[in-house]
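Overview (structure and organization)
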Protein chains: 2
Amino acid sequence: MTPESAIAAFDKQREAFLADLMTFLRFRTISTQPEHAGDLSECAQWICRQLVAAGLAAEIIPTAGHPAVFADSGPPEAGQANITLLFYGHYDVQPTGDLSLWDTRPFEPTIRDGAIYARGSADDKGQLMTHLTAVRCWRATHERWPVRIKFLIEGEEEIGSEHLPDLVEANRQRLACDYVVLSDTSKRDADTPALTYSTRGLLYKQLTVDGPAHDLHSGQYGGAVANPANVLAAIIASLHDARHRVTIPGFYDDVEPLSDDQRRRLAEQALTEAELLAATGSPAPAGEEGWSPVERRTVRPALDVNGLISGYTAEGAATIIPTRAMAKVSMRLVPNQDPDAISRAFDDAVQQACSPAVRLRIDTFGKSAAYVAPLDSPGMQAAAKALARSFPNPPVFAREGGTLPILPMFKRVLGADSLMLGFAMPNCNVHGPNEFFHVRDFERGTRCILRFLSAAGGM
Amino acid sequence: MTPESAIAAFDKQREAFLADLMTFLRFRTISTQPEHAGDLSECAQWICRQLVAAGLAAEIIPTAGHPAVFADSGPPEAGQANITLLFYGHYDVQPTGDLSLWDTRPFEPTIRDGAIYARGSADDKGQLMTHLTAVRCWRATHERWPVRIKFLIEGEEEIGSEHLPDLVEANRQRLACDYVVLSDTSKRDADTPALTYSTRGLLYKQLTVDGPAHDLHSGQYGGAVANPANVLAAIIASLHDARHRVTIPGFYDDVEPLSDDQRRRLAEQALTEAELLAATGSPAPAGEEGWSPVERRTVRPALDVNGLISGYTAEGAATIIPTRAMAKVSMRLVPNQDPDAISRAFDDAVQQACSPAVRLRIDTFGKSAAYVAPLDSPGMQAAAKALARSFPNPPVFAREGGTLPILPMFKRVLGADSLMLGFAMPNCNVHGPNEFFHVRDFERGTRCILRFLSAAGGM
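Here the structure is a predicted model, which means the values were calculated and not measured.

Here we come to the overall build of chain A. Secondary structure summary: chain A contains 14 helices and 18 strands in total. Relative to the 2.2 N^0.38 estimate, which gives 23 Å for 459 residues, the radius of gyration of chain A is 24 Å and therefore close to what a compact globule would have. Going through the 459 residues of chain A one by one, you find that 56% of them count as buried.

Okay, here's the thing in structure tokens:
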């Protein structure tokens, strides 16, 4: 089944679909703010109606938090490929932050210079809308679905998808699929889409070091008691060696070696040292010896302090030995590293490095594995082909340094790999003021999804 | 000249002198609070009148801040020992802090169970009053002074004695003396006075490490940019070795070796490991190998973090690479260590330990030398004798871990050593709520100063 008629139908009604996207963007679906619970619920209903309009059986699945939307095109029909795609997306958004930093109001979507400015325009409503629009256009122009199509759209992504794993476990059969398809990432650049096939995992720890019962006078006691801030610094410093490698025993043991093919693809994704310094404002390059900037931030694990506090931090001098010092330390994990094993090894290493003259507490705030999808799967190839036909340049195969805990969860529970087709600009201000999504990318993305549906039907 | 008649005069009028002390304590002389400038000025006038009542020529010396009081018994008379004592003290006090923590009001001195409760009762008005009372009693009972007596009483000790060095420089001739005498320290315990003969110096630094231009997403960039908090931890950790010695090159080069005699005296001053842990609430002993707790906190230099801050420090997790990390780090220096040389060596060592992929700024907030007085001077011997006769137990010769920048300043400008006769209890809540000074120690202290004046006349 070819996508051309559906693409033509989309092109003819572009304005109407764009108007639907604007409606979608007006829902104030800030999941972290309880006062918006009603907005989230209404938005879920609206999505349900969109999916019903596309001819899918759609329903709300309530959770202990915000509801999810599930839809299904139903059992395979004659002539349909024996393939099921589960489109995943989220309708919740980040808070707006300081409104004075926005040029136009975040929930009054505005088009300027070909871009839609609104909270959620890129993350994830605008991108998700390409999926909703594509299925409506397909349905309007075809009697049958090329593949079985399911949707799972949640309302808690921005607050950690707390109830999603249980929901997926409980609906394992209904959600069964060959691939999860999502558009919640970005392009390589304006004319080059990206097919993201890997994310890093996350292990987040908090270290609390308690020393004296209260702050002490550093003159009276300096030198004679263990200083929690000095001890904490020593612990943190012990976690890296001079080559910027993490010293936790066994940390690299299971790290998957990088194939030549993967290395080559990463070089395509490319981020030169100059680009890295420009993007971050860092004074000079840094990182593990023997790896390029893009490798360091995608295929190599990393350990970073995220926060530190102890003692007197205001202006001037206070001569105290602080009673306590605290650090937040997180690790980005790569494929094959077991978060549980690394978590235990981290705790052991930290305890080893800690002076017996203080008390140490370790809290774990997050633990999720890395994810990597095979590049040679039929789904990945179909997605690459659809992207190549929908944008001026062929897609790059990209690895993300960040973490999407849902990917290994889908793999574990449903056995399905994820295909991440990114349509947003890399600099689209996700989570910040003036978030935007190009109208052109809404159009290219919708056409791309239509081509992908067609290609999937031929798998 | 014997002190007995003066002591008898004091004992007879104890109540009147105690009432004077209560008056002294009612002045709200909080030097750090500008609204109390008038109280400080009035208090300085009151002290002036006390000194005039003792037969001294007294005057206010204005400064750019709060005024000082100077007094002088005048050129040597016939029969007077050719010795000049400069009594130093301060009439300013610390803020009260939370009034709800005080059992009675800080500027309404109250006697309970033999102790005077008031802000400044121990630090330093109550102890200084022993000097003022002693000279009044001596004058009332003797025609001549045993030695030449001068007073210098400042109003800015609690805010760093900012204007005192210039004042002393400018009045070098008028302040000329053989010994500075002060009572601003504490006893060993209730019945054992202390003659403090040494303090440590202080070198206070602030390290600011700047990395990326703004907080970065630790997923996107973790591993590829230098993290200022990790770099700062590495710098701090590099400043100590595994034996808890400071690693700054040359740090110990000039440290005066401890004589057997000094070591024996320190053992007398004694603070056992058990006492240290009880006083501090530290879980276990710690410090430089090969030295006892009391040695570590008095005769050995130390390096402590006083404050640390970077990145996200609230509840839960935030996955950022912080743009900046800051630490306050101070060193306590011991006799012979040159604060300027150590300051340069510290800066060099920190710069060496710092990654080139961040920007480092070092600020210096304080720099003063250690001080040690000879134990065998006639003044020290006379003070020891007077203390031994005025308290149940003979005095211990004590070294303080804290810093009194005025002591090396007096030594440098006036060439005079300081004699520190401590009359307050070690736990007298200096700087805290419910500060107290025992009436009995006011009496013992006054008698002790009279005996000391007499002994000084025989030097």
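Okay, back to it.
Let's shift gears to the environment of Ile-47 of chain A. Residue and element names in this part refer to chain A. Mapping Ile-47 onto the fold places it in helix α3 (residues 37-53). Placed 41 residues apart in sequence, Ile-47 and Ala-6 show a C-alpha to C-alpha distance of 21 Å. Here Ile-47 is in contact with Val-69, Tyr-91 and Ile-153, once residues within four sequence places are set aside.

Relative to the 24 Å expected for 17 residues at 1.5 Å per residue, helix α4 (residues 125-141) of chain B spans 24 Å between its end C-alpha atoms, a close match to the ideal helical length. Most of α4 of chain B is tucked away, with 14 of its 17 residues classed as buried.

For the rest of this paragraph, the subject is the relation of the copies chain B and chain A. By a simple turn and slide, chain B fits onto chain A: the slide is 0.1 Å along the axis, the RMSD is 0.1 Å, and the turn is 180°. Taken together, these values place the two copies in the relation of a two-fold axis. When the interface residues of chain B are mapped onto chain A, 100% of them are again interface residues, pointing to one common binding face.

This next bit is on the packing of helix α4 (residues 125-141) of chain A against helix α14 (residues 439-457) of chain A. All names here are of chain A. Direction vectors running N to C along α4 and α14 enclose 50°, while the axes themselves pass 8 Å from each other. Classified by the angle their axes make, α4 and α14 are oblique. Between α4 and α14 lies a crossing whose hand is right-handed. On α14, the residues that touch Gly-126, Gln-127, Met-129, Thr-130, His-131, Thr-133, Ala-134, Cys-137 and Trp-138 of α4 are Phe-442, Gly-445, Thr-446, Ile-449, Leu-450 and Leu-453. Counted by class, the contact of α4 with α14 contains eight nonpolar, seven polar and no charged residues.

Turning our attention to the environment of Pro-378 of chain A. With respect to the helices and strands, the residue Pro-378 of chain A is situated in helix α12 (residues 378-390). Measuring from C-alpha to C-alpha, the distance between Pro-378 of chain A and Phe-107 of chain A comes to 39 Å, with 271 residues separating the pair along the chain.

Moving on, we get to the domain arrangement of chain A. Residues and elements named next belong to chain A. Entries for chain A in the domain assignment read domain 1 (4-199 + 370-457) and domain 2 (201-255 + 301-364). Spacing between the C-alpha centres of domain 1 and domain 2 amounts to 39 Å. Listed per partner, the contact involves five residues of domain 1 and seven residues of domain 2. Its residues assigned to classes, the side of domain 1 that touches domain 2 shows two nonpolar, three polar and no charged.

This brings us to α3 of chain A. All names here are of chain A. For α3, spanning 17 residues, the distance from its first C-alpha to its last is 25 Å, which sits close to the expected 24 Å at 1.5 Å a residue. When we look at burial in α3, the residues that qualify are Asp-39, Leu-40, Cys-43, Ala-44, Ile-47, Cys-48, Gln-50 and Leu-51. Structurally, α3 contributes buried residues whose contacts are with β1 (57-61), β2 (68-72), α4 and β6 (148-154). Phi for Gly-55, located one or two positions after α3, is positive at around 85°.

Our focus in this paragraph is the pairing of strand β8 (residues 194-199) of chain B. Residue and element names in this part refer to chain B. In terms of burial, β8 is a largely internal element, six of the six residues being buried. The sheet contact formed by β8 and strand β16 (residues 396-399) spans four bridges and is parallel. Bridge pairing links Ala-194 to Val-396 in β16. Direction of pairing for β8 relative to strand β17 (residues 417-422): antiparallel, over a ladder of three bridges. Of the residues in β17, the one forming a bridge with Thr-196 is Met-420. Where β8 and strand β15 (residues 371-372) come together, two bridges link them in antiparallel fashion. In the sheet register, Thr-199 faces β15, and the bridge partner there is Tyr-371.

Another point: the pairing of strand β11 (residues 302-311) of chain B. Within β11 of chain B, ten of the ten residues are buried, which leaves it mostly tucked inside the rest of the structure. With five bridges connecting them, strand β11 (residues 302-311) of chain A and β11 of chain B associate as antiparallel partners. By the bridge assignment, Ser-310 of chain A is partnered in β11 of chain B with Leu-308 of chain B. Where β11 of chain B lies against strand β13 (residues 324-333) of chain B, eight bridges are found, and the strand directions are antiparallel. Looking across to β13 of chain B, one finds that Ser-310 of chain B is bridged to Ala-325 of chain B.

The next thing to look at is the packing of helix α1 (residues 4-12) of chain B against α4 of chain B. Residues and elements named next belong to chain B. Axis separation between α1 and α4 bottoms out at 8 Å; the angle between their running directions is 115°. The orientation of α1 relative to α4 falls into the category roughly perpendicular. Two packed elements cross with a definite hand, and for α1 against α4 that hand is right-handed. Contacts between α1 and α4 pair Ser-5, Ala-6, Ala-9 and Phe-10 from the former with Thr-133, Cys-137, Trp-138, Ala-140 and Thr-141 from the latter. Residue composition of the contact of α1 with α4, grouped by class: six nonpolar, three polar and no charged.

Let's shift gears to the sheet that holds strand β18 (residues 436-438) of chain B. Residue and element names in this part refer to chain B. Here three strands make up an open sheet; going across it, the order is β4-β5-β18 and the pairing antiparallel. Both edges of this open sheet fall to β4 (110-112) and β18, since each of them pairs with a single strand only. Direction aside, neighbouring strands of the sheet carry axes that sit 30° apart on average. Across three bridges, strand β5 (residues 115-117) lies against β18 in antiparallel orientation. Opposite Ala-115, over in β18, you have His-438 as the bridge partner. Contacting β4, β5 and β18, helix α14 (residues 439-457) runs over the sheet at an angle of about 60° to β18.

The predicted structure's coordinates, where accompanied by low pLDDT, should not be read in detail. The share of residues in chain A with pLDDT of 70 or more is 100%, and the mean pLDDT across the chain is 95. Reported for the predicted complex are a pTM of 0.89 and an ipTM of 0.89.

Another point: the interface of chain B and chain A. In this complex, chain B contributes 71 residues to the contact, which on the side of chain A involves 71 residues. The leading source of residues in the side of chain B that touches chain A is β11 of chain B, at nine residues. Considered class by class, the residues forming the side of chain B that touches chain A number 34 nonpolar, 28 polar and nine charged.

The next subject is unusual backbone geometry. Residue and element names in this part refer to chain A. The omega torsion across Asp-123 and Asp-124 is 5°, close enough to zero to call that bond cis. Topologically, Asp-124 is positioned in the loop between β5 (115-117) and α4. The phi angle at His-244 is positive, at roughly 65°, despite the residue not being glycine. Looking at His-244, the number of C-beta atoms within 10 Å reads 21, which means it is buried. Notably, Asn-429 is not glycine yet its phi reads approximately 65°, a positive angle. Mapping Asn-429 onto the fold places it in the loop between β17 (417-422) and β18 (436-438). Residue Asn-429 is classed as partly exposed on the basis of its C-beta count, with 19 C-beta atoms lying within 10 Å.

The rules we used
- Residues numbered from 1 in each chain as written.
- Chains lettered and ligands numbered in written order.
- Predicted model: local features only at pLDDT ≥ 70, side-chain atom pairs only at ≥ 80, totals over all residues.
- Helix = DSSP H or I, 4+ residues; strand = E, 2+ residues; numbered from the N terminus.
- Rg over C-alpha atoms; globule rule 2.2 N^0.38 Å.
- Buried ≥ 20, exposed ≤ 12 C-beta atoms within 10 Å, placed from the backbone.
- Contact = placed C-beta atoms within 7 Å.
- Expected span 1.5 Å × (residues − 1).
- Least-squares fit on C-alpha atoms with pLDDT ≥ 70 in both.
- Axes fitted to C-alpha atoms, helices over the stretch in contact; angles between N-to-C directions.
- Parallel < 35°, antiparallel > 145°, perpendicular 65-115°, else oblique.
- Left-handed = near helix turned anticlockwise from the far one by under 90°.
- Nonpolar A, V, L, I, M, F, W, Y, C, P; charged D, E, K, R; others polar.
- Domains from an automatic or database assignment.
- Pairing = 2+ DSSP bridges.
- pLDDT = per-residue confidence, 0-100.

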